[in-house]
Structures are given as structure tokens and as C-alpha cells.
Amino acid sequence: MRVHDIGDGAPAHAVVACLHGDEPCGVRAVDYVRDHQTALTGPVRLVVANERALAADSRGVDEDLNRVFPGDPAADSHESRLAAELLDTLDGLTVLDLHSTVSSAEPFAVVGRPTDRSLALAAATGTESVVDASYLGGGLLAHVDGVAVECGRQGSTAAGGVAVRVTARFLAAVGLLEAPDDLLAGADTAPGFVPTGASAHRLPPRDTPPVLFRIVGPAGEPNDVFVAENFTRVAAGEPFARRDGEPVTASEPFSPVLMSTDGYADKLGYRGTRVGRLDTPTTE
Ligand SMILES: [Zn+2]
């Protein structure tokens, strides 16, 4: 685990990359903030969590780190020991947890506990959709305050650029930047960035609040082919997947969340309900 405390004083906030080693976008954000730290007005802790899995380009070495919290310092499993160490490192801090996914190029925020504070932070990250994942339980966000963001497709250049932008918005929302642009000056021309205007996934300034979706259960079978779109309502009777060449239809309406043909070993993804648009929240 790599930990950098930057700025003066004890940090109250942390940015965490690489809970999953095959999701390198967060490292881009951690390194970018280190290189531009003079823009910050206060201290922050930057963490690259699973360095061994990152080096192996695998989700985990022994298991999925985000499924073993609170972990055990005496465990045989690398991830179980690391989970305990990470919770110590993040104790009392408000966290931005950066991920990427196979299910969606479009960035979205995830809260583990839908409090006013976590929903406000999720809205501040600038994504169009926010997922209440409390149904899933466990995970880092069941143990620390904060928000996770799925920054785009695993390994994509765009996901690295989104991770930096999301981090700038988070740092501004918690008062560590006067404005996100203070960190982002020059970012559009930095290596690995998608130039402004070149991608739909660049998180342009938002004038409408994001839409909150709540996960309510699993959906589909692992070998299903996903034929609908995440965050887009499937009506009763409409197909959302193909199984052995036959359409699989919704028995009742739902919004697909984290659904992908290649995502999970035991399901196609999750059924979500659209809760509604988040009012313009504050992060206080
Ligand atoms: Zn992840």
C-alpha cells in the first residue's frame, strides 16, 4: 500500500485508488494530485491500496479486497490483511474511492450508506447517475464515510481523465480547493487526458442534479447477453437480455444497474429502481 499525506496538518479526507488492481484510473488521479499539490488549500491523504494486485493487473491477489472488510491483520490472505491496514489508514477520514468497470463507459457515483452527506458528495462528483448500493452491504463504504465513483471502462484513457476530474470536484466540495479548475488547469493537454469536447465522458459542468437509483436485487444469469442499457428503464414485457438465443423479458419494470455481459460470475447484474433527481444538496 502506498500512502502520501500532502499539505500541512492532519488530513480529514482521503482519495483511494486501486481497491481493485485491474482498475488503474485512480492511480492517475493520485499521481496528478501529487504533481499539482500546490493548488490545494489543506491536507489530504492519497492511497494506492492494492499495489500487488495492480502490479499483477488482477482484481485481487488472493481475493476481492472490497469483499473482505473489515479484514484481519493475522490472516493468510493478502487482501484480508490489507483490508485491516486500509481501515486503520482511513480511520475517521471522508473518502473518495475511485474505480472503473466493464459495465459502463459512462461514469457514475456509488454510495454505500445514503446519508445527506454521502449523497451530497456523490452529487458534487458531477456524474449523471448515483447508485445507492446499500443492498449489497459490506465493502469499504460500509466502514468509512464517503463516496465511490466508477470512472468508466477499466484500463481506458478516458477513465483516468475522469478520475482526475472527479477528484478535483471532490476536493473542491470538501473545501480543499477554491474551485475544481484550480487543480485542472492544463489537464486537457496533459498526457493521458481526453481533450475537452472530444468525449461524452469528460464530465462537463452540470446544471441539473444527478438521478439516484437504488439497487434492489440481482438480475439475470451469468451467461446472459445484456441487450438493454444501464440506468435506462426496462418496461414490463421488454427484453433486457438474451439467453441461449431467446429473449429474457422483465416481469416488472426496472432500471438496470451494473449489468454487463462480461461482468459477474454469478449474475448479469442488478435490478435498480429510479428514486428520483437529487435536489441540489450542499456538502456541509
Ligand atoms: Zn472496482
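This text gives an overview of the structure that appears in the document. (Residues numbered from 1 in each chain as written. Predicted model: local features only at pLDDT ≥ 70, side-chain atom pairs only at ≥ 80, totals over all residues.)

## Describing helix 5 (residues 157-173)
With 17 residues, helix 5 should reach 24 Å at 1.5 Å per residue; the first-to-last C-alpha distance of 25 Å fits that figure. For helix 5, the tally of buried residues reaches 16 of 17 residues, placing the bulk of the element in the interior. Of the residues trailing helix 5, glycine 175 is marked for its positive phi of about 85°. (Helix = DSSP H or I, 4+ residues; strand = E, 2+ residues; numbered from the N terminus. Expected span 1.5 Å × (residues − 1). Buried ≥ 20, exposed ≤ 12 C-beta atoms within 10 Å, placed from the backbone.)

## Points about the environment of arginine 81
By the element assignment, arginine 81 lies in helix 3 (residues 78-89). Arginine 81 gets classed as partly exposed once you count the C-beta atoms within 10 Å, which come to 17. Along the sequence, arginine 81 and glycine 71 sit 10 residues apart, while their C-alpha atoms lie 5.9 Å from each other. Ignoring any residue separated from it by four or fewer positions in sequence, one finds arginine 81 in contact with Gly71, Asp72, Pro73 and Ala75. (Contact = placed C-beta atoms within 7 Å.)

## Points about the sheet that holds strand 5 (residues 108-111)
Spatial strand order, 1-3-2-4-7-5-6-8-13-12: 10 strands in an open sheet with mixed pairing. Both edges of this open sheet fall to strand 1 (2-6) and strand 12 (255-257), since each of them pairs with a single strand only. Neighbouring strand axes in the sheet, compared pairwise and without regard to direction, differ in orientation by 30° on average. Of the strands in this sheet, strand 5, strand 6 (129-132) and strand 7 (145-153) are in contact with helix 4 (residues 116-124), which crosses strand 7 at around 30°. (Pairing = 2+ DSSP bridges. Axes fitted to C-alpha atoms, helices over the stretch in contact; angles between N-to-C directions.)

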